[in-house]
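So the chains spell out like this:
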Amino acid sequence: MADAWSPRLALKKLRENPERFVCDALLDQNIFSGVGNIIKNEVLFRLHIHPLSIVIKLPQGKLRELVKQARQYSFEKLNEKS
């Protein structure tokens, strides 16, 4: 999640494949580089989103929060190891 990473672009990419399971979208390295199973599970748990939810069926606010939390938790895990 480099400084060049754009939450807006991540949202756009999520909306390009609206029928996808949210769990698969979180693991897409073209959207969320570096997110793996632990981060995926924690983000979905924090947001109370079922892993098999379909992207298009999530409210826009929930999608924005998903993007925000994926980045935030990634940095939390990074700082945990330092």
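Since we're looking at a predicted model, the values are computed, not measured.

S.K.: Honestly, the overall build of the protein chain in this entry has me stumped. Any pointers?
M.R.: Assigned secondary structure in the protein chain consists of four helices and zero strands. In the protein chain, the succession of α and β elements from N to C terminus is α-α-α-α. Relative to the 2.2 N^0.38 estimate, which gives 12 Å for 82 residues, the radius of gyration of the protein chain is 12 Å and therefore close to what a compact globule would have. Once the C-alpha set of the protein chain is aligned to its principal axes, its extents read approximately 35 × 25 × 20 Å. Within the protein chain, buried positions represent 38% of all 82 residues. Nonlocal contacts in the protein chain, meaning residues at least 24 apart in sequence, comprise 65% of its contacts between residues at least 6 apart. With the model as given, the accessible surface of the protein chain reaches about 5200 Å², and the carbon-plus-sulfur share is 54%. Here the protein chain carries 14 positive and 9 negative side-chain charges, and the mean point of each set is 3 Å from the other.

S.K.: Sorry, what's going on with helix α3 (residues 37-47) here?
M.R.: At 3.6 residues per turn, the α-helix brings residues three or four places apart onto the same side. The complete set of buried residues in α3 reads I39, K40, V43, L44 and L47. Here the buried residues of α3 occupy an arc of 125° about the axis, which is enough to place them on one side. Turned more than 90 degrees away from the buried face of α3 sit I38 and F45, all of them exposed. Once α3 finishes, H48 follows within two positions and takes phi at roughly 55°, a positive value.

S.K.: Teacher, can you tell me more about the pattern of salt bridges here?
M.R.: The full count for this structure, using the stated rule, is three salt bridges. One salt bridge connects R20 with D28, and the closest N-O pair in it is separated by 2.8 Å. Overall, the relative accessible area of 22% leaves R20 in the partly exposed class. Residue D28 is classed as buried on the basis of its relative accessible area, which comes to 16%. In this structure, R46 engages E42 in a salt bridge whose closest nitrogen and oxygen atoms are separated by 3.4 Å. Residue R46 and its partner E42 are located together in helix α3, separated by four residues, close to a single helical turn.

Basis of the calculations
- Residues numbered from 1 in each chain as written.
- Predicted model: local features only at pLDDT ≥ 70, side-chain atom pairs only at ≥ 80, totals over all residues.
- Heavy atoms only, no water.
- Helix = DSSP H or I, 4+ residues; strand = E, 2+ residues; numbered from the N terminus.
- Rg over C-alpha atoms; globule rule 2.2 N^0.38 Å.
- Buried < 20%, exposed > 50% of the residue type's maximum accessible area, 1.4 Å probe, protein only.
- Contact = heavy atoms within 4.5 Å.
- Areas by Shrake-Rupley, 256 points an atom, 1.4 Å probe, with all protein chains shown as cover.
- Lys, Arg positive; Asp, Glu negative; His and termini not counted.
- Charge placed at Lys NZ, Arg CZ, Asp CG, Glu CD.
- Arc of directions from axis to C-beta.
- Salt bridge = Lys/Arg side-chain N within 4 Å of Asp/Glu carboxyl O.

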